[in-house]
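A structural walkthrough
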Amino acid sequence: MQQTPSQQLIAQQALRNPARQVGLPTTIQPTGTGTGLSVTLDYLTSLRHDNNLRLTDPSLGSTTWWENTLALSVLRQASDSSLAFDLSGLYRIANEPIIGTESSFSDPSARLAYQRLRSNSQLGLLLEYQERDLAFNRSLTDTNLDGIIDASDVIGTIGDQVNTRGDLNWATGLNAPIGFQFDYSHRERTYQDTIDPNLFDNRSDDYTATVLFRFSPILLGNLRVDYRDFAADDSVRTDRQTTTVSAGGTYNTSSVTAVSVNIGYSQVDNTERATNTNDVTEDFVWNFAWNRTLSDGAAVAQIDQTFGVNGSRINATAGRSYQRANGTLSFDVGFTRGPFDEVTPIGQIDYSYQLPSSRIGATIQRRVGTSTDSLETRQTLAFLTYDYFINPVSALSFSADIIDQETEGSGPSNPRTRGTFTASYSRAITRDWAMNVGYEYEKDDQNGFSASSSSVFLTLGRRFTLKP
């Protein structure tokens, strides 16, 4: 089923500020369960004016730019497999203070995803490449998609960021007494023409091999080996290998309740190449989880101990999820105790509610983890959205994104806060064309430095269905 222009713009709005996106979302796929080949081409043209693009204090002046984005999406679906290819890029003309008027091709991205499911095996492959101009694309919704808390995700207004990703997931023996699973993940982030020392190149390679033992329909055992190789061009030039060996199992105590336990040992070999120093540490790791399926959702509880470069961390949470005809609510609350004996409340709330003429969404999260620069970092996230559908061809959308970070331990806390508020109006102009006009306010506050910007934008877009 093809989306109407207004539906397309609503999908764009969900990405927080379509005028600054690389292009239309690369994960858009036709709805339905049919098979075959589909090819779509998305075109966006955006005009924007910002009174402080580089987030400096005081502002260097106003910036006006025009972008034209093309995004090609190819999807091949079969009964047991799917292949998706996405390619996008844009041409930008910008008039900035001091720099003047410049034009360039920018923000190329490519994504290839393949999935195959057979009766006793499955295979998944993902390859992704994306460049981002940090001045023109500072969306907070991409924060920590790699699962790592990073200051680099909320700073940077000069230069380009290049992200490379590769995932391989293979499993066999899905219905056999003994099964095997192998997972590989590669993440690499590099920077070009940046001036902030906190923006440094880094990469990681993660390998996981798991043997599964199906002793009975209600008892599943596992042996697992994890290996992570991490390197960063930070001030100490970090080179770190983490190896974890664990064993455990899952037992269904009833048709609706399951308990899982795992215990293992982890070793961290950390080298600082700048000073030629090496440190090897190790400790036990374990986790216990309880899950119960209820008529309207589920109840969960979990406690675990992890081990990293700074030492051991204990996390304990309990939560509940609710499923309703017109909405969902899930939450978990708990605490974490880190390697410096600090105790921090953690948790997450996810909420969505659909009304006949509006939609509400919210995600609020508090978490602590080890950042790319090897610091224990507290982070609070809040993503709030509200869409009001005026009629079948127009809508109002509002969103607020806030992220607050602070470093734990005896060193400087380095507090930093970023926030963005966006209000926009979307409308289908014709059957094929739709527009989006809006306002955005952005605030940046870190280590006593504070700056803000206001901008207005106008976007026109169309989707061309090339096949079928």
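Residues numbered from 1 in each chain as written. Predicted model: local features only at pLDDT ≥ 70, side-chain atom pairs only at ≥ 80, totals over all residues. Heavy atoms only, no water.

1. Some details on empty space enclosed by the protein
Here is the rule: The rule is simple: put a 1 Å grid over the protein atoms alone, call a set of points where a 1.4 Å probe fits but cannot get out a cavity, call an open set with protein on both sides within 12 Å along at least five of seven lines a pocket, and count a residue as lining if it has an atom within 4 Å of a point. Grid points are joined across faces, edges and corners, and a volume is the space filled by probe spheres set on the points. Residue polarity follows a fixed list, in which Ala, Val, Leu, Ile, Met, Phe, Trp, Tyr, Cys and Pro are nonpolar, Asp, Glu, Lys and Arg are charged, and the others, Gly among them, are polar.
Summed over all chains, the structure comprises 4 cavities of 30 Å³ or more. The calculated volume of the second largest cavity comes to roughly 70 Å³. Lining the second largest cavity are Asp150, Ala151, Ser152, Tyr191, Asn198, Phe200, Asn202, Thr372 and Asp373. Each residue belonging to the lining of the second largest cavity can be placed in one class, and the counts come to 3 nonpolar, 4 polar and 2 charged.

2. As for the packing of aromatic side chains
Condition: Only Phe, Tyr and Trp rings are paired, with Trp represented by its six-membered ring, and only when their centres lie within 6.5 Å; those with planes under 30 degrees apart are stacked, over 60 edge-to-face, the remainder tilted. Runs of E in the DSSP output that reach at least two residues are strands. Runs of H or I that reach at least four are helices, and both are numbered from the N terminus. Each residue is placed in one exposure class: buried if its accessible area under a 1.4 Å probe, protein chains only, is under 20% of its type's maximum, exposed if it is over 50%, and partly exposed if it falls in between.
In this structure the tally under the stated criterion is 10 aromatic pairs. Ring centres of Tyr91 and Phe105 lie 4.9 Å apart, and the angle between their planes is 50°; this geometry places the pair in the tilted category. You can see Tyr91 sitting in strand E3 (residues 81-96) and its partner Phe105 sitting in strand E4 (residues 100-117), a full 14 residues away along the chain. On the basis of relative accessibility, which here comes to 28%, the residue Tyr91 falls in the partly exposed class.

3. Notes on the pairing of E4
To keep it simple, the criterion reads: Any two strands are treated as partners once DSSP identifies two or more bridges connecting them.
Bridging between E3 and E4 involves 15 bridges; their strand directions are antiparallel. In the sheet register, Phe85 faces E4, and the bridge partner there is Leu112. As consecutive antiparallel partners, E3 and E4 are separated by 3 residues, and within that stretch Ile98 has a phi angle of approximately 75°, a positive value. Pairing geometry for E4 and strand E5 (residues 121-133), over 9 bridges, is antiparallel. Counterpart to Tyr114 in the pairing with E5 is Leu125. The antiparallel hairpin formed by E4 and E5 contains 3 residues in its connecting segment.

4. Some thoughts on the confidence of the model for the protein chain
Counted only if it meets this: A score between 0 and 100, pLDDT records how confident the predictor is in each residue. Throughout, a residue-residue contact means that at least one pair of heavy atoms, one from each residue, lies within 4.5 Å.
Taken over all residues, the pLDDT of the protein chain has a mean of 90, while the share at 70 or more is 92%. For the protein chain, per-element mean pLDDT is lowest for helix H1 (residues 5-13), which scores 42, and highest for strand E11 (residues 257-272), which scores 98. Low confidence marks residues 1-33, where pLDDT is under 50. Its contacts with residues over four positions away, or in another chain, come to 87 contacts.

5. Points about the nonpolar core
The line we're drawing: By convention a nonpolar core is built from buried Ala, Val, Leu, Ile, Met, Phe, Trp, Tyr and Cys residues, the set being connected through side-chain atoms within 4.5 Å.
Of all hydrophobic cores here, the largest spans 9 residues; its members are Leu134, Leu140, Val154, Ile155, Tyr191, Leu199, Leu381, Phe383 and Ile403. For Leu199, the residues in contact, after removing those within four places along its chain, are Leu134, Ser152, Ile155, Gly156, Tyr191 and Thr194. One finds Leu53, Trp65, Ala135 and Phe136 within the second-largest nonpolar core, a separate group that totals 5 residues.

6. Notes on unusual backbone geometry
Residue Asp57 is joined to Pro58 through a cis peptide bond whose omega torsion reads 0°. Within the fold, Pro58 resides in the loop between strand E1 (36-50) and strand E2 (63-77). Unusually for a residue other than glycine, Asp107 sits at a positive phi of about 50°. The phi torsion at Ser374 lies on the positive side, around 65°, for a residue other than glycine.

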